[in-house]
Amino acid sequence: AGSDSGKGSPLCLTMKIACGAVLLACASSSAAGVDKNRPVTKVINLLKDMVKQLEKEAEEDEEVYNKVACWCKTNDKEKTTSISDAEQRIDRLISTIEEKTATSSRLNTEIKNLEIEVEKNQKALDQATANRKKELAEFNEDEKDTLQSISALKSAVTVLSKHNGGAALLDMQAALRSTMHTHAAKVGDMLSSKDLKTVQSFLQSPEDYFDAEPTFKQSYAPQSGEIFGILKNMLSTFEADLSQAQKDEMQSQKAYEDLKAAKEDEIKQGQDHLEEKQEELASTDEDNAQAKEDLEDTRASLSADQAFLANLKEKCQLTDQEYEQRTSTRQEEISAVSEALSFLTSDEAHDLFSRTFNFVQQSASVESVERQRAAAVLLATGQRLASPQLVELSSTVQRDAFVKVKKAIDDMIAKLLQDKEDEIKQKDFCIEELNTNERETELKNRDKEEAEAKIDTLTNEIETLTNEIDTLKAEIAALQTSLKRAGEDREQENKDFQETVADQRATVKLLEKTLDVLKGFYNKKHKGASLLQRQEPAGPPPPPGFKSYKKNSGSGGVMGMIQQIINDAKTEEAEAIQAEKDAQAAYESFVKDTNDSITAKNDSIVDKSATRADKEGALTDTKKELANIMVELEELANENADLHKACDFTLKNFDTRQAARDEEVEGLREAKAALSGAQLTLLQRK
């Protein structure tokens with residue numbers, strides 16, 4: 001283009017036309033034999049062609065600018081929408097990731113608790129099964145021994161009832177010895193010391209209870225009826241105990257089956273819940289991973305779009321400035337060409353060119369005329385461009401020789417080119433620094449947003465952990481209170497049990513002593529009857545003696561009642577002992593479960609406290625990081641203000657200043673060329 005080549009700028013063109021006009025007169029010769037107006041006509045035609053070329057270039061520039069403007073508008077709108085959508089999607093993805101992360105953490109905790117619960121129920125079931133097997137084995141063994149003892153007692157009762165002796169008596173003796181040995185403790189609790197001695201005496205000499213003729217020992221030992229009653233009572237007690245043991249075994253078996261069914265149901269439910277939670281966790285983790293991947297891709301896309309949009313805005317802004325500058329410069333160029341054209345086609349110019357023929361014949365005055373005309377061109381150009389250097393140079397042209405003038409022109413050209421190079425470096429520096437500042441500011445603002453979001457997330461997580469820890473502490477305090485109250489209740493129950501057992505045993509001891517006293521009397525055979533049968537000596541009859549001594553008819557009932565009370569007291573004692581065992585077992589189980597729960601909660605508190613400490617440390621670091629970011633943003637803002645202060649004028653006027661400087665250089669070069677050409681012509685003509 002004419003403007004781009006430097007041949008159509010206003011300054012250059014004006015100086016070119018002025019110098020051309022001066023040289024045109026010098027180049028014409030009176031002896032040439034050609035039309036003196038022909039060179040001027042060529043210049044005029046050349047100027048007209050330049051105007052057409054400039055107008056064509058203006059149309060081409062407008063077409064290019066319209067295409068670039070359309071591209072800028074379309075892509076600016078598309079990328080702005082894309083960036084907005086990406087930012088919204090990033091916010092949604094961050095929210096989704098936080099939600100999925102929290103859900104994953106909760107599910108992991110629930111899965112862990114379910115696994116512990118299932119394992120605990122399985123262990124409880126295994127322990128109950130082992131206990132049941134042990135109890136069943138013990139029951140079978142006890143039942144076997146008890147059945148043997150019952151069989152032995154039945155045999156003994158049968159033998160005694162039939163007054164049999166011999167081999168049956170020996171078998172009975174062996175069976176009873178085995179029973180007494182196997183159930184020594186039970187028999188000891190069952191029989192009084194007197195009855196126990198009777199049974200032991202019977203086992204040592206059973207034949208004494210079956211002799212046809214009473215032995216000396218038999219006359220003092222209880223009759224066979226007494227041992228018969230004792231053995232029969234033992235038989236009844238063993239049968240009752242067996243029946244009760246069998247009932248207890250059935251109840252224990254039923255309780256075990258109920259427990260087993262309940263535990264198996266709890267285990268199945270726990271495993272079902274565990275599978276559901278594991279499936280939900282897998283789905284949550286998969287969604288979370290997908291969201292993180294989408295977030296990374298979206299951020300990369302957003303960064304690319306932001307970079308593209310920034311470059312687009314910069315390019316479009318520079319295009320606008322360039323188009324405006326090119327349009328303005330071209331218009332000035334067209335105006336300058338038109339002005340030069342009007343100058344060359346004027347009547348005054350025609351007369352001036354006609355008079356230049358005298359210049360060839362007046363070689364002595366040519367140099368002075370050339371200086372004046374060159375000075376006029378430089379003066380007009382300097383005034384037009386407001387250049388004091390050109391104005392001063394025009395005066396120098398009038399005073400000094402061409403050599404000094406050309407040297408001054410060369411110095412000015414060198415300075416202008418140096419100024420141009422320095423200004424280009426300044427522009428490049430400003431653009432690079434402003435772009436760097438903008439990118440760093442954008443990155444820091446993004447870091448600021450991420451830090452603020454992280455602070456909000458950490459604050460919420462710390463608050464949640466604090467609430468959870470407080471809840472766990474409150475639950476531990478409640479469990480400890482329950483444990484303390486349970487201990488106090490257990491202590492009181494044990495105290496009541498001890499008192500009850502002590503009372504029952506004291507009652508039994510007192511009643512047994514009472515019963516022994518009564519038995520000691522009512523079970524003896526009194527001698528009153530034999531004394532009454534003795535023959536008195538002959539003589540007067542004695543006065544009436546004592547009536548026949550008879551046992552109190554109510555003694556049997558009283559002793560039976562006392563025995564029943566003793567049996568009831570022992571039963572109550574046994575029930576109290578069993579109840580105490582059950583209560584103690586329940587209390588120990590409660591204490592274990594409560595302590596396990598407290599331990600688990602304390603472990604959870606430790607874990608959550610550690611997590612909270614980590615997050616508090618991260619929060620402190622993030623706040624420090626945010627403070628540093630704010631300081632850096634402030635520094636970037638100050639730097640940006642300083643850059644704009646130093647660079648705005650240069651960037652805003654860069655193209656204008658560069659074009660003006662190029663025009664000035666071109667004008668100087670053409671003026672120098674014009675002077676050099678005129679000097680050469682004069683020398684040749686001399």
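Residues numbered from 1 in each chain as written. Predicted model: local features only at pLDDT ≥ 70, side-chain atom pairs only at ≥ 80, totals over all residues. Heavy atoms only, no water.

## Looking at the overall build of the protein chain
Line of reasoning, step 1. Tallying secondary structure elements over the protein chain gives 14 helices and zero strands in all.
Line of reasoning, step 2. Moving toward the C terminus, one meets the helices and strands of the protein chain in the order α-α-α-α-α-α-α-α-α-α-α-α-α-α.
Line of reasoning, step 3. Pairs at least 24 residues apart make up 88% of the contacts formed inside the protein chain by residues separated by at least 6 positions.
Line of reasoning, step 4. Total accessible area computed for the protein chain in this model is approximately 42600 Å², and 52% of it derives from carbon and sulfur atoms. (Helix = DSSP H or I, 4+ residues; strand = E, 2+ residues; numbered from the N terminus. Contact = heavy atoms within 4.5 Å. Areas by Shrake-Rupley, 256 points an atom, 1.4 Å probe, with all protein chains shown as cover.)

## Side note on the nonpolar core
Line of reasoning, step 1. Counting 14 residues, the largest nonpolar core has Leu153, Leu191, Leu231, Met234 and Phe238 as the members making the most contacts within it.
Line of reasoning, step 2. For this core, the secondary structure elements donating two or more residues are α3 (38–162), α5 (184–190) and α7 (224–344).
Line of reasoning, step 3. The element that contributes the greatest number of residues to this core is α7, accounting for six residues. (Core = buried A, V, L, I, M, F, W, Y, C linked by side-chain atoms within 4.5 Å. Buried < 20%, exposed > 50% of the residue type's maximum accessible area, 1.4 Å probe, protein only.)

## Some remarks on a negative patch on the surface
Line of reasoning, step 1. A contiguous patch of negative charge on the surface is contributed by Glu87, Asp91, Glu449, Glu450, Glu452, Asp456, Asp621 and Glu625.
Line of reasoning, step 2. Going through the elements one at a time, α3, α12 (402–522) and α14 (555–685) are the ones with two or more residues in the negative patch.
Line of reasoning, step 3. At four residues, α12 tops the list of elements feeding residues into the negative patch.
Line of reasoning, step 4. Relative to the assigned elements, Glu450 resides in helix α12. (Patch = residues over 30% accessible without salt bridge, like charges linked within 9 Å, V, L, I, M, F, W, Y side chains within 5 Å. Salt bridge = Lys/Arg side-chain N within 4 Å of Asp/Glu carboxyl O. Lys, Arg positive; Asp, Glu negative; His and termini not counted. Charge placed at Lys NZ, Arg CZ, Asp CG, Glu CD.)

## A few points about the environment of Phe308
Line of reasoning, step 1. Note that Phe308 resides in helix α7.
Line of reasoning, step 2. We classify Phe308 as partly exposed; its relative accessible area is 31%.
Line of reasoning, step 3. Once residues within four sequence positions are removed from consideration, Phe308 is found in contact with Trp71, Asn75 and Lys79.

## Section: the pattern of salt bridges
Line of reasoning, step 1. Enumeration according to the criterion identifies 30 salt bridges in this entry.
Line of reasoning, step 2. A salt bridge links Glu442 to Arg446, with the shortest nitrogen-to-oxygen separation between them at 3.8 Å. Separated by four residues within a single helix, Glu442 and Arg446 lie in helix α12, roughly one turn from each other.

## Section: the packing of aromatic side chains
Line of reasoning, step 1. What the rule picks out here adds up to two aromatic pairs.
Line of reasoning, step 2. Both rings, one in Trp71 and one in Phe308, keep their centres 6.3 Å apart while their planes meet at 70 degrees; by these two values the pair is edge-to-face. Taken together, the residues Trp71 in helix α3 and Phe308 in helix α7 connect sequence positions 237 residues apart.
Line of reasoning, step 3. Note on Trp71: relative accessible area 34%, which makes it partly exposed.
Line of reasoning, step 4. Across the ring face of Phe308, the terminal group of Lys79 is positioned such that the distance to the ring centre comes to 5.1 Å. (Phe/Tyr/Trp six-rings, centres within 6.5 Å; stacked < 30°, edge-to-face > 60°. Lys NZ or Arg CZ within 6 Å of the ring centre and 35° of its normal.)

## Things to note about the state of the cysteines
Line of reasoning, step 1. The tally for this structure, following the rule as stated, stands at two disulfides.
Line of reasoning, step 2. Shown here is the disulfide that connects Cys72 with Cys316, its sulfur atoms set 1.7 Å apart. Negative torsions about the S-S bond denote left-handed disulfides, and the value of about -100 degrees found for Cys72 with Cys316 makes this one left-handed. Of the two residues, Cys72 is situated in helix α3 and Cys316 in helix α7; the sequence distance between them amounts to 244 residues.
Line of reasoning, step 3. Here Cys316 falls in the buried class, since its relative accessible area comes to 9%.
Line of reasoning, step 4. Between the sulfur of Cys430 and that of Cys647 lies a disulfide, 2.0 Å long from S to S. Across the disulfide from Cys430 to Cys647, rotation about the S-S bond amounts to roughly -75 degrees, and the bridge is consequently left-handed. Of this pair, Cys430 sits in helix α12 while Cys647 sits in helix α14, and the two are 217 residues apart along the sequence. For the pair formed by Cys430 and Cys647, the shared burial category is buried.
Line of reasoning, step 5. The connectivity of the disulfides in the protein chain is 1-2, 3-4, where the numbers refer to bonded cysteines in sequence order.
Line of reasoning, step 6. We note that Cys70 lacks a disulfide partner, and the nearest cysteine sulfur, in Cys72, lies 9.3 Å from it. (Disulfide = S-S within 2.5 Å.)

## Here's the deal with the environment of Glu573
Line of reasoning, step 1. Take Glu573: it is sitting in helix α14.
Line of reasoning, step 2. Not counting the four nearest positions on each side in its chain, Glu573 is found in contact with Val501, Gln504 and Arg505.

## Remarks on the environment of Ala261
Line of reasoning, step 1. Position of Ala261 relative to the elements: it lies in helix α7.
Line of reasoning, step 2. Residues Ala261 and Leu125 lie 136 residues apart in sequence; the distance between their C-alpha atoms is 9.5 Å.

## So, the side chain of Arg490
Line of reasoning, step 1. Note on placement: Arg490 falls in helix α12.
Line of reasoning, step 2. A residue is classified by how much of its surface remains accessible, and Arg490, at 6% relative accessible area, is buried.
Line of reasoning, step 3. A polar atom in the side chain of Arg490 sits 2.8 Å from the side chain of Glu580. (Polar contact = N/O pair within 3.5 Å; in protein donor to acceptor, adjacent residues only side chain to side chain.)

## A word on the confidence of the model for the protein chain
Detailed reading of the predicted coordinates is not advisable wherever pLDDT is low.
Line of reasoning, step 1. With 68% of its residues at a pLDDT of 70 or more, the protein chain has an overall mean of 76.
Line of reasoning, step 2. When mean pLDDT is taken per element in the protein chain, α12 scores highest with 86 and helix α1 (residues 2–5) scores lowest with 37.
Line of reasoning, step 3. Below pLDDT 50 for its whole length, residues 1–38 participates in 85 contacts with residues either more than four positions away or in separate chains.
Line of reasoning, step 4. Throughout residues 678–686 the model reports pLDDT below 50, and contacts reaching past four residues in sequence, or to other chains, amount to 15 contacts. (pLDDT = per-residue confidence, 0-100.)

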